[in-house]
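Here is how the chains run, residue by residue.
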Amino acid sequence: MMESISPAGTDAAAGTIEVRLNGRVRAVPAPLTVRQLLEHLELRPELVVVERNLQILDRAAYDRTEVLAGDALELVHFVGGG
Amino acid sequence: MATMNPTVAAQDPPLTVGGHTLRSRLILGTGKYADNATMVAALKASGTEMVTVAVRRVDLDRENQEGVLFHLDPEEYLLLPNTAGCYTAEEAIRYARLGRAAGFSEFVKLEVIGDQTTLLPDVHATIEASRVLAAEGFKVMAYTNDDLITALKLEDAGCAAVMPLASPIGSGLGVVNPYFIREIKRRLDVPVIVDAGVGTASDACVTMEQGVDGVLMNTAIARADDPPAMAAAMRLAVEAGRLAYLAGRMPAREIAVPSSPSKGMLD
């Protein structure tokens, strides 16, 4: 089930925006770049791949890519598998 | 060949896939281990140089959930990201691209599953995804069934290796159709690596005796009572099977033939 993001969920005064992170709607501080988002989530950028609105982001673009309200972000990594 | 070094083994060129040379013909999965320390010990005992990994969402609810790379050194093992769990070509292509974006390898273990019960591959979707990924520069190692025509089409699609199953994933049934495996090996130029179905060391040995270039396994080791011990057994079995293949087996007969001379018997 996809949760929908309402514009009302974005609280400019509180400095947060709502994004869909790994399939779930979450409020994150705004403004922030993809690199800052990973820092916020305590994830190591070299071990994570970010897909933003179905486009894989080059790691070199993390600093200049701003997370926008309503973005669908997938953060993936390698796990054990056969 | 670490344990024995007869001439025939010394002259056997190592397995080369997609331009990478591997000293071991055994490729291991990293799933289903009871814990990471057991996995690491098993990988070491197996002598493998290439391991598969899966691409999954980071679990954001668990604080700093550890990915497999906290335990595996990508300098020590060539990583083979897989597309496990994908049921369409589009899905598999998406997972393959995410795996490559991690920045460790151009390899992908492509699997597109066609049936949830048997986990048999959707070969049409696998061929379609292979074409797309090979054109994007991926070194595609494609999991497929033991069908020669599909194997030929996968090679034609640009796969770096074709990986027919011995028997269904996780079944441990061993090689159910050695004739088809041999025929695929005879007809393809790219490496043929048997992927899935090995249950114990004898299965790995029989697999390698068919003349294939390598074998990929996961459950047989991860779900053994003692995974590092089974990994060591698999290493020996793969070497033994390869050496037996190179040595050339005697023809099988359904009648007895005495090993001692019939001449020289006493009156």
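Here we summarise the structure given alongside this text. (Residues numbered from 1 in each chain as written. Chains lettered and ligands numbered in written order. Predicted model: local features only at pLDDT ≥ 70, side-chain atom pairs only at ≥ 80, totals over all residues. Heavy atoms only, no water.)

As a further point, take unusual backbone geometry. In this chain, A:Ala30 is followed by A:Pro31 through a cis amide linkage whose omega measures -5°. Tracing the sequence through the fold places A:Pro31 in the loop between β2 (24-29) and α1 (34-40). Although it is not a glycine, A:Asn53 sits at a positive phi angle of roughly 50°. For A:Asn53, the location among the structural elements is in the loop between β3 (49-52) and β4 (55-56). A positive phi is found at B:Ala196, a non-glycine position, where the angle reads about 95°. Note on B:Ala196: relative accessible area 9%, which makes it buried. (Helix = DSSP H or I, 4+ residues; strand = E, 2+ residues; numbered from the N terminus. Buried < 20%, exposed > 50% of the residue type's maximum accessible area, 1.4 Å probe, protein only.)

This next bit is on the interface of chain B and chain A. Facing 33 residues of chain B, the contacting portion of chain A comprises 26 residues. When chain B packs against chain A, close to 2,500 Å² is buried across both sides, 60% of that on carbon and sulfur atoms. Of all residues in chain B, the largest losses of buried area upon contact with chain A belong to B:Arg57, B:Val58 and B:Leu60, amounting jointly to 26% of the total for that side. Counting across the chain B and chain A interface gives three salt bridges. (Contact = heavy atoms within 4.5 Å. Buried area = accessible area lost by both parts, 1.4 Å probe. Salt bridge = Lys/Arg side-chain N within 4 Å of Asp/Glu carboxyl O.)

Turning next to the environment of B:Thr118. Residues and elements named next belong to chain B. You can see Thr118 is positioned in the loop between β6 (107-110) and α4 (123-135). On the basis of relative accessibility, which here comes to 30%, the residue Thr118 falls in the partly exposed class. Between the alpha carbons of Thr118 and Phe70 there is a distance of 32 Å; along the sequence they are 48 residues apart. At 2.6 Å, the side chain of Thr118 and the side chain of Asp115 are in polar contact. (Polar contact = N/O pair within 3.5 Å; in protein donor to acceptor, adjacent residues only side chain to side chain.)

On to the packing of aromatic side chains. For the structure on display, the rule yields two aromatic pairs over all chains. Looking at B:Lys109, its charged tip hangs above the ring of B:Tyr143, at a distance of 6.0 Å from the centre. (Phe/Tyr/Trp six-rings, centres within 6.5 Å; stacked < 30°, edge-to-face > 60°. Lys NZ or Arg CZ within 6 Å of the ring centre and 35° of its normal.)

Residue and element names in this part refer to chain B. Its 13 residues give helix α3 (residues 89-101) an end-to-end C-alpha distance of 18 Å, which sits within 8% of 18 Å, the value for a rise of 1.5 Å per residue. Turning to α3, its buried residues number three or more, namely Ala89, Ala92, Ile93, Ala96, Leu98 and Gly99. A positive phi of about 90° marks Gly103, the residue just after α3. (Expected span 1.5 Å × (residues − 1).)

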